[in-house]
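Fold and geometry: a report
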Amino acid sequence: MDSHGSSSFSSLKTYLLALADTPNRVARRACSASTSFDEMSRARSRSGSDMRRSLRWFDLVGFGLGGMIGAGVFVTTGRASRLYAGPSVVLSYAIAGFCALLSAFCYTEFAVDMPVAGGAFSYIRVTFGEFAAFLTGANLILDYVLSNAAVARSFTAYLGTALGISTAAKWRVTISALPKGFNEIDFFAVIAVLIITVVICYSTRESSVLNMVLTSLHVLFLVFIVVVGFYRGEWKNFTKPADPVHHPGGFFPFGVSGVFNGAAMVYLSYIGYDAVSTMAEEVRNPVKDIPIGVSGSVILVTVLYCLMAASMSMLLPYDLIDTEAPFSAAFREGSDGWKWVSNVIGVGASLGILTSMLVAMLGQARYMCVIGRSSVVPAWFARVHPRTSTPVNASLFLGICTAAIALFTDLNILLNLVSIGTLFVFYMVANAVIYRRYVSVGSTNPWPTLSFLFCFSLTSIIFTLIWQFGPSGKPKAFMLGACTVIAIAVLQLFHWVVPQARKPEFWGVPLMPWIPSISIFLNIFLLGSLDGPSYARFGFFSALIVLVYVLYSVHASFDAEEDGSLSQKNGEFMKESNESEDPGLKV
């Protein structure tokens, strides 16, 4: 085999030889993990220029607010309330926010210890190896692209509502030859995506300033909406539908299961804090700024979401809520003499949606950049422009992909697929933080930890299946109780028997392993609330990701290993404690 990095792809003959050797290469590379030192030094050098460290904690809080607010309330609330939870969508947001906060703790521990732009991809790569990281990272990229496409189409809907124009009739072109769900062409969504792509290519610092300005204005709009909603709304709308004959009433019209189904839907709202963790490489003081930025933004956004959902539920019975632009429509239809508020909300929502797209597209580009550093996708994506200090190649490529999807694809098709991918990634990070705490490569037996993670996940899956499909009654309650006792017993036994192999130097998840374990359970439980077609689409895309890994990525990383660019053998790494780290990366 030639020694240069592209030897497997230098000719058709060499590629066919590489394919014949695929089983051996997968066995060698799939579980090969990196180290935090490698991620922060050698891997980062593959981008050429460095990303400039210019962000502080308030920039991260601003990115978190901007990234989550627009995508959540103004895209998912109407659909979650109308179809899943009714007025109890307030609790759906609280549950999803609690779940996101636990996941945020897991992200924060990794981001403080390893402040690089790779986010979950890097965290999984240093714990479970290359293949798990690639599967996670590719799903993350897919989540970001699809969520940005969904938000872009919602931007068109809100802008149309603000101006009193029917979006479908005026601004979207219907092509009958295309299948339903992909036949409404949205050019305004494409224009919005392309403009933001240009902005994020220019400068991260200037992007932060723009985000802070737009987010500040947007928060003022939110406070205005909450105040007016509570002032003009009626408490009876929390329990009485407009059409009680055809729609169930009460605060829980779809039962307790509806609350969790709604939580799974609105979990898309919290994908923004994940984007904040990808900015770690550009933060001046990661130890101080990242915990405040990530956790603080999740808490603030959860409070805002619950107040917004309550305001909307007071303004209008849940069975009259518009699924695409719920807040503008609520004021337009439910508040006589206050219809002008609908226009104001439309403008504010449009600004908020633009900020969420800005933050998410910043995040997706950094994920792709770091995946490029690992050699599992072309190194072209890893390049950082020397003048702008931004990953221009990754930003342009993903911006074009997002615009193409936003042009065709219906909002409902996008949302469920994004939710399942996001929950899967958060589940993986929660597992990774436990594994990293309790396993030290070369000195600790990993099987007790892996056995615990498997048993706890299996118990959580059984609990979820019983909750979703078990017939109501005492047998169901007994089985759920038994699963709960078993899960707690397994968790406590692990806590007593297996000692932690490492303690975080600066910031760690409190109450280990309870908090990440609860996060694992909640992510599995919310995954169980999603519909079958979502799993079918997720399975299809995951199979496609595996195919790409087998046909390209494993051979590219094998070539990089032959060059000496990547770790040589599975499990043979320098111990983290002995690595000579650059102190400037952590303080």
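Just so we're clear, the structure is a prediction, and the values are computed from it rather than from any experiment.

Observations regarding the overall build of the protein
For the protein, the helix and strand inventory stands at 22 helices and two strands. For the protein, with 587 residues in total, the buried portion stands at 59%. When contacts within the protein are restricted to residue pairs at least 6 apart in sequence, those whose partners lie at least 24 apart make up 83%. Of the roughly 22000 Å² of accessible surface on the protein, a fraction of 69% belongs to carbon and sulfur atoms.

Focus on the packing of helix 1 (residues 12-20) against helix 2 (residues 22-29)
When two helices pack together, you describe them by how their axes are tilted relative to each other and by the distance separating the axes. One way to put it is that helix 1 packs onto helix 2 with a least axis distance of 5 Å and a crossing angle of 65 degrees. One finds that helix 1 runs roughly perpendicular with respect to helix 2. Between helix 1, through Ala18, Leu19 and Ala20, and helix 2, the contact on the second element is made entirely by Thr22, Pro23 and Arg25.

Describing the environment of Val377
Here Val377 shows up in the loop between helix 16 (340-373) and helix 17 (392-408). In sequence terms Val377 and Ser557 are 180 residues apart; their C-alpha atoms lie 8.7 Å from each other. With sequence-adjacent residues up to four places away left out, Val377 is seen in contact with Phe134, Met368, Ile371, Gly372 and Tyr552.

Let's talk about the pattern of salt bridges
Summed over the entire model, instances satisfying the criterion amount to 10 salt bridges. Salt-bridge contacts for Glu130 lead to Arg29; the nearest nitrogen and oxygen are separated by 2.9 Å. Here Glu130 is found in helix 8 (residues 130-162), whereas its partner Arg29 is found in helix 2, with 101 residues between them in sequence. On the basis of relative accessibility, which here comes to 3%, the residue Glu130 falls in the buried class. Salt-bridge contacts for Arg56 lead to Asp289; the nearest nitrogen and oxygen are separated by 3.6 Å. Within this pair, whereas Arg56 is found in the loop between helix 4 (42-45) and helix 5 (57-85), its partner Asp289 is found in helix 14 (residues 286-315), the two being separated by 233 residues in sequence. In this structure Arg56 comes out as partly exposed when scored by relative accessible area, which is 26%. Through salt bridges with shared partners, a single network forms among Arg28, Arg29, Glu130 and Glu561.

Considering the environment of Tyr367
With respect to the element layout, Tyr367 can be found in helix 16. Exposure remark for Tyr367: the relative accessible area of 0% places this residue in the buried category. Note: C-alpha distance between Tyr367 and Phe381 (14 residues apart in sequence) is 9.8 Å.

Observations concerning the packing of helix 1 against helix 22 (residues 532-563)
The geometry of helix 1 relative to helix 22 is characterised by a closest axis approach of 10 Å and an angle of 100 degrees between their N-to-C directions. For the element pair helix 1 / helix 22, the angle class is roughly perpendicular. Contact residues: helix 1 offers Tyr15, Ala18 and Leu19, while helix 22 offers Val550, Leu551 and His555. Classifying every residue of the contact of helix 1 with helix 22 gives five nonpolar, one polar and no charged.

Focus: unusual backbone geometry
Put simply, Met512 and Pro513 share a cis peptide bond, and its omega is 5 degrees. For Ser375, which is not glycine, the phi dihedral falls at a positive 75 degrees. You can see Ser375 is positioned in the loop between helix 16 and helix 17. Since its relative accessible area comes to 16%, Ser375 is described here as buried. Of note, Leu511 is a non-glycine position whose phi angle comes to about 55 degrees, a positive value. With respect to the helices and strands, Leu511 occurs in the loop between helix 20 (474-497) and helix 21 (514-527). Since its relative accessible area comes to 63%, Leu511 is described here as exposed.

Focus on helix 19 (residues 447-469)
With 23 residues, helix 19 extends 32 Å from end C-alpha to end C-alpha; this agrees with the ideal 33 Å at 1.5 Å per step. Those residues of helix 19 not exposed but buried are Thr449, Phe452, Leu453, Phe456, Ser457, Thr459, Ser460, Phe463, Thr464 and Ile466.

A few points about the side chain of Ser542
One can find Ser542 in helix 22. For Ser542, a relative accessible area of 13% corresponds to the buried category. Ser542 has contacts with Leu135 and Asn139, leaving out every residue within four places of it along the chain.

Examining the side chain of Asn237
For Asn237, the location among the structural elements is in the loop between helix 11 (204-232) and helix 12 (255-266). Among the residues examined, Asn237 registers a relative accessible area of 5% and is labelled buried. Reaching out from Asn237, the side chain makes a polar contact with the backbone oxygen of Met314 at a distance of 2.6 Å. Not counting residues within four places of it along the chain, the set of residues in contact with Asn237 comprises Pro87, Ser313, Met314, Leu315, Leu316 and Pro317.

Describing a nonpolar patch on the surface
A grouping of Phe230, Trp235, Ile299, Val303 and Leu307 is seen on the molecular surface, where their side chains present a nonpolar patch of about 490 Å² in accessible area. Counting residues per element, the nonpolar patch draws most heavily on helix 14, at three residues.

Here we look at the nonpolar core
Core analysis: the largest hydrophobic core is formed by 144 residues, its most contacted members being Tyr107, Tyr267, Tyr270, Tyr273 and Ile434. Each residue touching Ile434, except ones within four places of it in the same chain, is listed here: Thr449, Phe452, Leu453, Phe494, Met512, Pro513, Pro516, Ser517 and Ile520. Judged by nonpolar contacts, the second largest core, of six residues, contains Phe463, Ile466, Leu480 and Cys483.

Structural notes on the packing of aromatic side chains
Taken as a whole, this structure holds 30 aromatic pairs when the rule is applied. For the ring pair Phe134 and Tyr549, a centre distance of 5.7 Å and an interplane angle of 40 degrees mean the geometry is tilted. Of this pair, Phe134 sits in helix 8 while Tyr549 is found in helix 22, placing the two residues 415 residues apart along the sequence. The pair Phe134 / Tyr549 is uniform in exposure class, with both members buried. A network of ring pairs unites the aromatic residues Phe230, Trp235, Phe238, Phe251 and Phe252 as a single cluster. When the ring centre of Trp467 is taken as origin, the NZ or CZ atom of Lys476, which lies over that ring, is 5.8 Å away.

A word on the confidence of the model for the protein
Mean pLDDT over the protein stands at 80; residues scoring 70 or higher make up 84%. Summarising per-element confidence for the protein, the mean pLDDT is lowest in helix 9 (residues 167-171) (58) and highest in helix 19 (93). In this model, residues 1-5 is a region of pLDDT below 50 whose contacts with residues beyond four sequence positions or in other chains number 11 contacts. Long-range and interchain partners of residues 568-587, a stretch whose pLDDT sits below 50, account for 48 contacts in this model, where long-range means more than four residues apart.

Reading the values: the criteria
- Residues numbered from 1 in each chain as written.
- Predicted model: local features only at pLDDT ≥ 70, side-chain atom pairs only at ≥ 80, totals over all residues.
- Heavy atoms only, no water.
- Helix = DSSP H or I, 4+ residues; strand = E, 2+ residues; numbered from the N terminus.
- Buried < 20%, exposed > 50% of the residue type's maximum accessible area, 1.4 Å probe, protein only.
- Contact = heavy atoms within 4.5 Å.
- Areas by Shrake-Rupley, 256 points an atom, 1.4 Å probe, with all protein chains shown as cover.
- Axes fitted to C-alpha atoms, helices over the stretch in contact; angles between N-to-C directions.
- Parallel < 35°, antiparallel > 145°, perpendicular 65-115°, else oblique.
- Salt bridge = Lys/Arg side-chain N within 4 Å of Asp/Glu carboxyl O.
- Nonpolar A, V, L, I, M, F, W, Y, C, P; charged D, E, K, R; others polar.
- Expected span 1.5 Å × (residues − 1).
- Polar contact = N/O pair within 3.5 Å; in protein donor to acceptor, adjacent residues only side chain to side chain.
- Patch = residues over 30% accessible without salt bridge, like charges linked within 9 Å, V, L, I, M, F, W, Y side chains within 5 Å.
- Core = buried A, V, L, I, M, F, W, Y, C linked by side-chain atoms within 4.5 Å.
- Phe/Tyr/Trp six-rings, centres within 6.5 Å; stacked < 30°, edge-to-face > 60°.
- Lys NZ or Arg CZ within 6 Å of the ring centre and 35° of its normal.
- pLDDT = per-residue confidence, 0-100.

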